[in-house]
Amino acid sequence: MSKAAVIDIASVSKIYGQTTAVNAISLKIPAGTYCCLLGPSGCGKTSTLRMIAGHEAISSGDIRLGNAVVTDLPPARRGTAMMFQSYALFPHLDLVDNVAFSLKMKGSPKDERRARALEMLKLMQMDAYATRRPAQLSGGQQQRVALARALITDPEALLLDEPLSALDPFLKVRMRAELKKLQKSLGITFVHVTHSQEEAMALADLIVVMNNGRIEQAAIPRTVFERPATAFVARFMGDHNVVSGRVTECRDGLVSVEVAQGGRFKGVGAGEETGALADLAIRIDHVRIGEPAEPGLGFTGTVQNIEYRGASVKLSVAGAGLDEFTAILSDKHFFAHPVSVGDAVPLCWEPADSILLGRLDS
């Protein structure tokens, strides 16, 4: 296979009429990285992928693949291959001709391209189905054929647009493992668009969280999970409660924040001006039932809802000026001291589990 390439996106924007889909983003994806572009619908992730591929013109900025600026190059000359969400297989061709199609377009001899196509189908464990048509395959099998077709050109980077979205939940999990294994064995750069937090966490070396055409955070999965950069990332990843208010005090490495309805909370951080708007993120799985060690590291609220999840129990609590605050308790912890909807419960957490979030410049 080709050598993996660094993808360098420099101040790239995409504007459709009056709408800015991608707003001056800069991102460096190291060679051989599995990168997931993650975010809600309309955040700009697919436009970004299509600009890397050359299927979408760049309004401003540059994209570099390895040492080459590819901004104005057509897709076939970029050293990238794209696997589309629909798989886009030709229904009238067998699998060998589907996979060999791009080599046919390049004028490769028939025997050579068919041999190469069979080699790629074998890599995908699909060689036994070589004479079948796409309609005779399951969704997971069609996906393998689409991957083989994308990889036959020896790309330096493989671009995947929500490749697992059409699969059932069980097959999604299996194909995740196969994609990761394939990327490691090929050693090339993968850029994968998804709106699934779980998918990104399972696959990526680098997660890029996008919102409103901008990058909110680009980091390894553990950093995105444990130290979200902004309130959007904390809420979108779903593993933190976000408390928004105004700074009342900064002391001993802790910032105190008062919410509009009067509740006060503390988080790790420094340098904030009194009165400034601030957001704190509190890990939902580190919240416990019990009296806080000090004010600001807990509150007493009323249980609004209880969800049993097998190994864990999710509590939704209102209080201290917050309409909804989530705690994920282990089943053992919850059933040792069970509570009911309507009960008043004290919640607490450690200082390290409450952090001051950054804010993007508007």
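Just so we're clear, the structure is a prediction, and the values are computed from it rather than from any experiment.

**Points about the pairing of strand β8 (residues 189-194)**
For step 1, the next point in the chain: Of all six residues in β8, six are buried, a share of seventy percent or more.
For step 2, the next point in the chain: Residues of β8 alternate between two faces, with Thr189, Val191 and Val193 on one and Phe190, His192 and Thr194 on the opposite face, all of them buried.
For step 3, the next point in the chain: By the bridge criterion, five bridges tie strand β7 (residues 157-161) to β8 in an arrangement that is parallel. When the bridges of β8 are listed, aspartate 161 appears paired with valine 193.
For step 4, the next point in the chain: Read as a crossover between parallel neighbours, the route from β7 over helix α5 (residues 169-186) to β8 is right-handed.

**Focus: the packing of aromatic side chains**
For step 1, the next point in the chain: This model, assessed by the stated rule, comprises 10 aromatic pairs.
For step 2, the next point in the chain: The interplanar angle of 70 degrees and the centroid separation of 6.3 Å between the aromatic rings of phenylalanine 299 and tryptophan 349 together place this pair among those described as edge-to-face. Residue phenylalanine 299 is located in strand β16 (residues 298-308), and its partner tryptophan 349 is located in the loop between β19 (344-348) and β20 (354-356); the two are separated by 50 residues in the primary sequence.
For step 3, the next point in the chain: Here the aromatic residues Phe265, Phe299, Phe325 and Trp349 are joined through ring pairs into a cluster of three or more.
For step 4, the next point in the chain: Across the ring face of tyrosine 16, the terminal group of lysine 14 is positioned such that the distance to the ring centre comes to 5.0 Å.

**Description of the environment of serine 11**
For step 1, the next point in the chain: Structurally, the position occupied by serine 11 is in strand β1 (residues 7-16).
For step 2, the next point in the chain: Each residue touching serine 11, except ones within four places of it in the same chain, is listed here: Ala24, Ile25, Ser26, Ser60 and Gly61.

**Let's talk about α5**
Structurally, the α-helix is built with 3.6 residues per turn, so residues lying three or four positions apart point the same way.
For step 1, the next point in the chain: Compared with the 26 Å implied by 1.5 Å per residue over 18 residues, the 26 Å span of α5 between its first and last C-alpha is a close match.
For step 2, the next point in the chain: Leu171, Met175, Arg176, Leu179, Lys180, Leu182, Gln183 and Leu186 are the residues of α5 that are buried.
For step 3, the next point in the chain: Where α5 is buried, its residues meet β3 (34-38), α3 (110-123), α4 (139-151), β7, β8 and α6 (197-203).
For step 4, the next point in the chain: Capping of α5 at its N-terminal end is provided by aspartate 168; its side-chain oxygen lies 3.1 Å from the backbone amide nitrogen of phenylalanine 170.
For step 5, the next point in the chain: Where α5 ends, the next residue or the one after it, glycine 187, has phi of about 75 degrees, a positive value.

**Examining the pattern of salt bridges**
One side chain can pair with another of opposite charge once the charged atoms of both are near each other.
For step 1, the next point in the chain: Under the definition given, this model contains 16 salt bridges.
For step 2, the next point in the chain: Here arginine 116 ties to aspartate 154 by a salt bridge, and the two come within 2.8 Å at their closest N and O atoms. On the criterion of sequence distance, the pair formed by arginine 116 in helix α3 and aspartate 154 in the loop between α4 and β7 is long-range, its members being 38 residues apart.
For step 3, the next point in the chain: Accessibility expressed as a relative area gives 18% for arginine 116, which makes it buried.
For step 4, the next point in the chain: A relative accessible area of 29% places aspartate 154 in the partly exposed class.
For step 5, the next point in the chain: Salt bridges sharing partners connect three or more residues here, namely Lys14, Arg50 and Glu56.

**What about the packing of α3 against α4?**
For step 1, the next point in the chain: Across the interface, α3 lies against α4 with an axial gap of 9 Å and an inter-helix angle of 130 degrees. Judged by the inter-axis angle, α3 sits oblique to α4. The way α3 lies across α4 gives a crossing that is right-handed. Residue-level contacts link Arg116, Met120 and Leu121 of α3 to Val145, Ala148 and Leu151 of α4.

Each value, and the rule that gives it
Residues numbered from 1 in each chain as written. Predicted model: local features only at pLDDT ≥ 70, side-chain atom pairs only at ≥ 80, totals over all residues. Heavy atoms only, no water. Buried < 20%, exposed > 50% of the residue type's maximum accessible area, 1.4 Å probe, protein only. Helix = DSSP H or I, 4+ residues; strand = E, 2+ residues; numbered from the N terminus. Pairing = 2+ DSSP bridges. Right-handed = clockwise from strand over helix to strand, strands pointing away. Phe/Tyr/Trp six-rings, centres within 6.5 Å; stacked < 30°, edge-to-face > 60°. Lys NZ or Arg CZ within 6 Å of the ring centre and 35° of its normal. Contact = heavy atoms within 4.5 Å. Expected span 1.5 Å × (residues − 1). Polar contact = N/O pair within 3.5 Å; in protein donor to acceptor, adjacent residues only side chain to side chain. Salt bridge = Lys/Arg side-chain N within 4 Å of Asp/Glu carboxyl O. Axes fitted to C-alpha atoms, helices over the stretch in contact; angles between N-to-C directions. Parallel < 35°, antiparallel > 145°, perpendicular 65-115°, else oblique. Left-handed = near helix turned anticlockwise from the far one by under 90°.

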